[in-house]
Amino acid sequence: MANRPALSTAEGGEADARSKISDSFSFLDVLHANQFEGEFVEPQHAEQVEENFYRGAPPNWLNFYISEQAVSDGNATPFIKRDGYETLKEQIHLRRKGPGTSTIKLFHQQGCGGTTLAMQVLWDLRKTFRCAVLTGSTLDITKVAQHVVSLFTAGSHGHQKTVLLLLNDEFILDILQDTIMEEIAEQDIEIDLPVVILLNCVRSSDGIIHQKARSYELKQKFKTKMRKSIILKKALSDREQADFDMKKEELGRRFGDRCKQFHGFNILQSNFSQAYIRNACATLEHIKRTNKPLKMQLAAFLCLLNAYVPGSYLLESQCLDFLRHEDEDDFSLEDQMQPFSHLIVTFQQDGRAEKKVCMAHNMIAQCCTEQLGDAGVTRSDTTRHFLNSFCKSYVPPCLLGFVKDMLTKREIKIIEDPTGVINEKKETFSRLIQDITKTEDDDKKKGKSQSLSVLKVASKKFDDNPLFPQTLARLYYIEIEDYNEAEIWAKKAKQRAPWSSYVADTLGQVHKIHLKNLKVSAKPREILQLAQKGIEAFEDEERLAENEHMKGKQGDGNKKVLRALNTRGLFGYLEVCSLLYDHLIRHDELWKQVLTKTVSLGSVLKSLGDEKLFRFKELINSLRDLVEKRSEFFDTFLTYSYSVVKKEDPSYISRKTIECYKKYVGDAEPNDQLQKAFHKLKQKLAVTSPGVLSCLERCTRSDTKDIAVWWKEICQHKHSATHALLNYVLANIMLINLKEPPSSSDYQSSFTDKMPLAPEMHPEFHMLALLLCWPTDGEDKLASDLPHLIQNILYSYEQEYKSLFRSRYLRPIFFLGPGQGLNRLVHRRNLEILWTQDALQDPKTNWRNDDVFRNPTVKDKLLRVKGVVRNYRLYATFGGTEIKLDVNQKDSLWNSGHVFFYVGFTISGPVAYNVHRRTEGKKMKLLKSFPSTN
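Residues numbered from 1 in each chain as written. Predicted model: local features only at pLDDT ≥ 70, side-chain atom pairs only at ≥ 80, totals over all residues. Heavy atoms only, no water.

## Section: the overall build of the protein chain
Tallying secondary structure elements over the protein chain gives 37 helices and 22 strands in all. With 934 residues in all, the protein chain has 53% of them scored as buried. A separation threshold of at least 6 residues defines the contact pool for the protein chain, and within that pool the share at least 24 residues apart is 71%. About 43,000 Å² of surface is accessible on the protein chain, with carbon and sulfur atoms providing 48% of the total. (Helix = DSSP H or I, 4+ residues; strand = E, 2+ residues; numbered from the N terminus. Buried < 20%, exposed > 50% of the residue type's maximum accessible area, 1.4 Å probe, protein only. Contact = heavy atoms within 4.5 Å. Areas by Shrake-Rupley, 256 points an atom, 1.4 Å probe, with all protein chains shown as cover.)

Structure below.
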């Protein structure tokens, strides 16, 4: 009789899992501590599962159990451990001493055993951790977090155990960590050990793997014990080779000649030998293009699918239905597929699922696909035939996903610039579309037409899916430069998903690229007509993006929404305006005055030579103001935040936004002195608070001095607005950070006199109030109501920016350093320069991970503050007052007690960075007004 499912406990025992682990865990495949123990596994079934694995089927938990039992019985050598195995286990154990949540990444090339290695580690640690694989959708992060916490707490009191969770989605790691700790705090669970270790298994391209390996080698000189990632490549060490050779001898004794067809194993054992792969695929060498039998066609389909979509498969029932030999109904798929059967694996991942069919290895799939192409069986023919044969009235969701990936998924490629800087960029099209376009018959024109044909078949088959006409539109405007056809297909995509801003973006891109590639001889009327179409398309995208954003905002407030505001429409608008400007002034320099609103369009129509241009008056009159509005949006967006889903916002967004903004601001200065000062500030991109706060990133020392002077002039004007004083004070803080004397000594008191501030004022006002009133080193009591100031900035931020920055990380703006007054405010750019050791490098510091605070020079610029963690919250104390602060990394709150941290300020208020436990006997610079509570 099988044992009841059990989970490991903190004491090393096992807890009954029936009450907690059930079908309700729709997101997790939980590996029990006693998995398969007490169960009878039929020898024939065990042998088939083992054979399938060595032939190339994906691993399942039973594979590891069978191997474990065979070793204990003395019938087999141990399951082979790749070189990354011990390192991965060591890194996981190191994280048992760490915070509430932590991550480690396993980067691996396709087909080198990465998934097997990750599952093997989970299997071997199932009694040490509560192991699980994330199998469901990752859109509802809150639900995933709840399941992880439930698994952590499963069993009676005191039976908590760290979860080891295997997942493939790289982009949800940070937000999942925070959500898990929020869930722990919300349930008020006391923990004294880590909640979860996230093992992220990332299948990567060869280029990314090589770049990661090179980066790791460069970092080896720092010799840190804790590694962020493990890299597994298609190459065996001498030790691995010896283990594979020994295993090969064992398989030969146990399986005889059958092991010659264990391609999944043999490819690794041969150290990924191309000669072995070509020999295995020799069956296909003499294939003819015409009159191919159905089994040959099916083999071609599987090759195509597995070559271009990792992890893809067909259902056995689909394959048998395709072969449809009425007189062979009793024959198995393997029998019907001879002589190709040895290249194909049929497997079942669990007893309830239908059997799946795939090629034995993706390298075999790639080789066969190339051989078929050489024989005239082209990728395009195979793709069309596959779509017509397998995508009829009903297409299973899994197959639709494979088709979408095959035809539309764009992979990441590595680009190294002349200076050696590595950048990642998306390919223009999917690998299959690129291969069809470039390689078919060595005729690029024919290749493009074949790609079009394939996508048109897919678009017709899936007549409600926008991705295929969207890709067709992109192919037409990028590769073929047929903008009329591109517009037709972009509109078809829009009709299929009229609510989607991302689909709507394609139409704007069509018009933008058309405008970019207009001939120099194009007339202003033609230029303006096309620009207007692009502007209208991007404005429509902006409206749809705002609708999407508002719908996400109307949720219950608990669900984590990963998708941030789509800003492509805003940026596309600026790109069109920039192209419009360049085209028009190339035609006539007089357009520069019109577009910058120095002169009106009506006053120069005769000089421009086309009075019919007057019909564009409304468009032209709106351009400068709308360009400024969108540019200021991006200034705010990028100064205060960056993406958490992607690694960083592309640097070209800021660069191109600034270029467009400067074009429409122009050089002509107004006559009015006040307006002249504003115009100069616009030219220096410092007319807004975010612009002033970015001075250190894009202005010279001299420019920053001028900016402070201009804001002072504006402040002295009798009709100056309140924000002028705000920006004047901020400009002086920028000067102080450049070690320059401020332009005046009365700036601080002038702002303080206007306090208290109304709660509804912009967050920048409240941030400055906090900076001015934050207690200085040596003060004995609070000079102001600090909790109230913090409450005000949080309220103001929620009203002004919270929706905008949803699913984005708030960048720190200032940090608290030693000293008095505003001299102790350290701008983040100064710390980034110390961290990167390069004042000219783009500010790409990842503030989220706290790595910057490892640098001793950075630490010397900051004041270490005392505080206490209690009930998953951080408090700093001033006299008898406790001040609650937000925390940069929520998993630093997993253990109560006294802590040290640095205080930074984002646009939402003060934040504690680099929270660490207090240690005795270590001399540190401390804020005296935050005394120890020992």
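Having seen it, we continue.
## Overview of helix α19 (residues 467–480)
Over its 14 residues, α19 runs 19 Å from end to end, which matches the ideal 20 Å to within 8%, given 1.5 Å per residue. In terms of burial, α19 is largely enclosed, as ten of its 14 residues are buried. Within α19 the residues assigned to the buried category are Phe-468, Pro-469, Gln-470, Thr-471, Leu-472, Ala-473, Arg-474, Leu-475, Tyr-476 and Tyr-477. (Expected span 1.5 Å × (residues − 1).)

## Concerning the sheet that holds strand β6 (residues 163–167)
Spatially, six strands are ordered β3-β5-β6-β7-β4-β8 in an open sheet, and the strand pairing comes out mixed. Looking at the sheet topology across the chains shown, the edges are occupied by β3 (28–31) and β8 (229–232). Across the sheet, the axes of successive neighbouring strands diverge by a mean angle of 20 degrees, strand direction being ignored. With four bridges joining them, strand β5 (residues 130–134) and β6 adopt parallel strand pairing. Note on β6: the bridge partner recorded for Ala-132 is Leu-165. Running at roughly 165 degrees to strand β7 (residues 196–204), helix α4 (residues 114–124) makes contact with β3, β4 (101–109), β5, β6, β7 and β8 of the sheet. (Pairing = 2+ DSSP bridges. Axes fitted to C-alpha atoms, helices over the stretch in contact; angles between N-to-C directions.)

## Quick notes on the packing of aromatic side chains
A complete count under the given rule lists 38 aromatic pairs for this structure. Here the aromatic rings of Tyr-640 and Tyr-801 are separated by 5.8 Å at their centres, their planes lie at 65 degrees, and the arrangement is edge-to-face. Linking Tyr-640 in helix α26 (residues 617–640) with Tyr-801 in the loop between α35 (786–800) and β15 (808–810), this pair joins segments that are 161 residues apart in sequence. Summarising the burial analysis for this pair, Tyr-640 and Tyr-801 share the class buried. Measuring from ring centre to ring centre gives 5.4 Å for Tyr-801 and Phe-805, while their planes differ by 40 degrees; the resulting arrangement is tilted. (Phe/Tyr/Trp six-rings, centres within 6.5 Å; stacked < 30°, edge-to-face > 60°.)

## Let's talk about the environment of Val-149
Examined against the element boundaries, Val-149 turns out to sit in helix α5 (residues 141–153). Of the residues examined, Val-149 reaches a relative accessible area of 1% and is grouped as buried. Residues Val-149 and Ile-189, 40 residues apart in the sequence, show an inter-C-alpha distance of 9.5 Å. What Val-149 contacts, discounting residues up to four positions off in sequence, is Ile-180, Glu-183, Ile-184, Gln-187 and Ile-189.

## Regarding the sheet that holds strand β10 (residues 344–347)
Strands belonging to one sheet form pairs held by backbone hydrogen bonds; the direction of such a pair is parallel or antiparallel. Read from one edge to the other, the open sheet built from three strands follows the order β9-β11-β10, with strand pairing classed as antiparallel. Only two strands of the sheet have a single partner each, and these edge strands are β9 (314–315) and β10. Here four bridges tie β10 to strand β11 (residues 356–359), and the two strands are oriented antiparallel to one another. Across the sheet, the residue bridging to Phe-347 is Lys-356, located in β11.

## Notes on empty space enclosed by the protein
Tallied over the entire structure, the rule returns three cavities of 30 Å³ or more. Each pocket or cavity is described by its volume, and for the largest cavity that value is around 60 Å³. Among the elements of the structure, α11 (294–308), α14 (362–374) and α15 (379–390) are those that each provide at least two residues to the lining of the largest cavity. Lining of the second largest cavity is provided by Glu-50, Phe-53, Tyr-54, Asn-63, Ile-66, Ser-67 and Phe-79. Every element with two or more residues in the lining of the second largest cavity is listed here: α1 (43–55) and α2 (61–72). For the lining of the second largest cavity, the residue count by class is four nonpolar, two polar and one charged. (1 Å grid on protein atoms, 1.4 Å probe; cavity = no way out; pocket = protein on both sides within 12 Å on 5 of 7 lines; lining within 4 Å. Points joined across faces, edges and corners; volume = space filled by probe spheres on them. Nonpolar A, V, L, I, M, F, W, Y, C, P; charged D, E, K, R; others polar.)

## A word on the nonpolar core
Counting residues in hydrophobic clusters, the biggest one holds 122 residues, and the most contacted among them are Leu-298, Ile-364 and Leu-407. The dominant element in this core, judged by the number of residues it contributes, is α11, at eleven residues. Setting aside residues up to four positions removed in sequence, Ile-364 forms contacts with His-263, Ile-267, Ile-277, Ala-280, Cys-281, Leu-343 and Met-359. Counting 118 residues, the second largest nonpolar core, distinct from the first, contains Leu-590, Leu-693, Val-869 and Ala-876. (Core = buried A, V, L, I, M, F, W, Y, C linked by side-chain atoms within 4.5 Å.)

## Describing the confidence of the model for the protein chain
On average, residues of the protein chain score 88 in pLDDT, and 89% of them reach the 70 mark or higher. Ignoring residues within four places in sequence, the model shows residues 554–561, a span with pLDDT below 50, making 13 contacts including any to other chains. The low-confidence segment residues 920–934 (pLDDT under 50) makes 45 contacts with residues lying over four places distant or belonging to another chain. (pLDDT = per-residue confidence, 0-100.)

## Quick look at the pairing of strand β22 (residues 909–917)
Within a regular strand, side chains alternate between the sheet's two faces. Where burial is concerned, most of β22 is hidden: seven out of the nine residues are buried. As paired strands, strand β20 (residues 881–887) and β22 are joined by two bridges and run parallel to one another. Paired with Asp-886 across the two strands is Val-911, which belongs to β22. Here strand β21 (residues 897–906) runs beside β22; their pairing, made up of seven bridges, is antiparallel. Across the sheet, Gly-904 pairs through a bridge with Val-911, a residue of β22. Counting the residues that bridge the hairpin from β21 to β22 gives two residues.

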